[in-house]
Amino acid sequence: MSDEFAFRLADTPIDTAALHAGLRHPAAGACAVFEGWVRDHHQGRGVHGLRYEAYAALAEAEGARIVGRLRAEHGLHAAVCVHRVGDLAIGDLAVWVGVSASHRGAAFDACRAIIDAIKQDVPIWKHERYADGDAGWLHPDEGTGEGRP
């Protein structure tokens, strides 16, 4: 997979089969994939849907830099991340990360490192619509419920 497509934003559903096929490499013994879905709750509040917005040029440049750096650091054969923008419904696929490596440990570690860095450093903003009719932008620290973006 070429580095020019290491990270991209998508305003249509993510084609996971095509992305997965792009991870194949003859030296790869492992593939790890992360899928982030839109859930129906956040911090005890019902969620009806959300909207992701991004400054595309900056987000794609920063995302590609992160994926390229972590691909090299973890010795990956391939790595890609696609993040949706626009309006998403409950259950929609919001972000997909896939990597291939010679060994499973490197694949697992790199997949987690990529999603953590993307959520922390790429300028993508999340606006949730709540069941009570309210809506709001999330602070990055509220993104995972794990104490980090």
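Refer to the structure printed above.
Novice: Talk me through a nonpolar patch on the surface; I want residue IDs and the actual numbers.
Specialist: On the surface, a nonpolar cluster with roughly 490 Å² of combined accessible area is contributed by Tyr55, Leu58, Trp125 and Trp137. With respect to the helices and strands, tryptophan 137 occurs in strand S9 (residues 135-137).

Novice: Account for the sheet that holds strand S5 (residues 78-84), naming residues and giving values.
Specialist: Spatially, the four strands line up as an open sheet ordered S1-S5-S7-S2, and their pairing is mixed. Both outer strands of the open sheet, strand S1 (7-10) and strand S2 (30-37), are each paired with one neighbouring strand and no more. Ignoring which end each strand starts from, the neighbouring axes of this sheet average 10° apart. Sheet topology places S2 next to strand S7 (residues 93-101); eight bridges connect them, and they run antiparallel. Looking at the pairing, glycine 36 lines up with valine 95 of S7.

Novice: Now, about the pairing of strand S8 (residues 124-130): what can you tell me, with residues and values included?
Specialist: For S8, the buried fraction is high: five of the seven residues fall into the buried class. Relative to S8, strand S4 (residues 45-54) is paired through seven bridges, and the arrangement is antiparallel. Paired with valine 47 across the strands is tyrosine 130, a residue of S8. Inspection of the sheet shows S8 paired to S9 by three bridges, in the antiparallel sense.

Novice: Give me the nonpolar core: which residues, what numbers.
Specialist: Residues Phe7, Val67, Cys81, Val99, Ile114 and Ile118 are the most contacted members of the largest nonpolar core, which totals 31 residues. With seven residues, the top contributor of residues to this core is helix H3 (residues 104-121). Beyond its immediate stretch of four places on either side in the chain, phenylalanine 7 contacts Ala59, Glu60, Gly63, Ala64, Val67, Cys81, His83, Ile118, Val122 and Ile124. In this structure, Ala10, Ile14, Val80 and Leu93 belong to the second largest nonpolar core, which totals nine residues.

Novice: Quick rundown of the packing of helix H2 (residues 56-73) against H3? Include the residues and the values.
Specialist: Contact geometry for H2 and H3: axes closest at 10 Å, N-to-C directions at 155°. On the basis of their axis angle, the class for H2 and H3 is roughly antiparallel. Where H2 crosses over H3, the handedness of that crossing is right-handed. Residue-level inspection shows Glu62, Gly63, Ile66, Val67 and Leu70 of H2 in contact with H3, the latter providing Ala113, Ile114, Ala117, Ile118 and Asp121. In the contact of H2 with H3, the residues fall into seven nonpolar, one polar and two charged.

Rules and cut-offs
Residues numbered from 1 in each chain as written. Predicted model: local features only at pLDDT ≥ 70, side-chain atom pairs only at ≥ 80, totals over all residues. Heavy atoms only, no water. Patch = residues over 30% accessible without salt bridge, like charges linked within 9 Å, V, L, I, M, F, W, Y side chains within 5 Å. Areas by Shrake-Rupley, 256 points an atom, 1.4 Å probe, with all protein chains shown as cover. Salt bridge = Lys/Arg side-chain N within 4 Å of Asp/Glu carboxyl O. Helix = DSSP H or I, 4+ residues; strand = E, 2+ residues; numbered from the N terminus. Pairing = 2+ DSSP bridges. Axes fitted to C-alpha atoms, helices over the stretch in contact; angles between N-to-C directions. Buried < 20%, exposed > 50% of the residue type's maximum accessible area, 1.4 Å probe, protein only. Core = buried A, V, L, I, M, F, W, Y, C linked by side-chain atoms within 4.5 Å. Contact = heavy atoms within 4.5 Å. Parallel < 35°, antiparallel > 145°, perpendicular 65-115°, else oblique. Left-handed = near helix turned anticlockwise from the far one by under 90°. Nonpolar A, V, L, I, M, F, W, Y, C, P; charged D, E, K, R; others polar.

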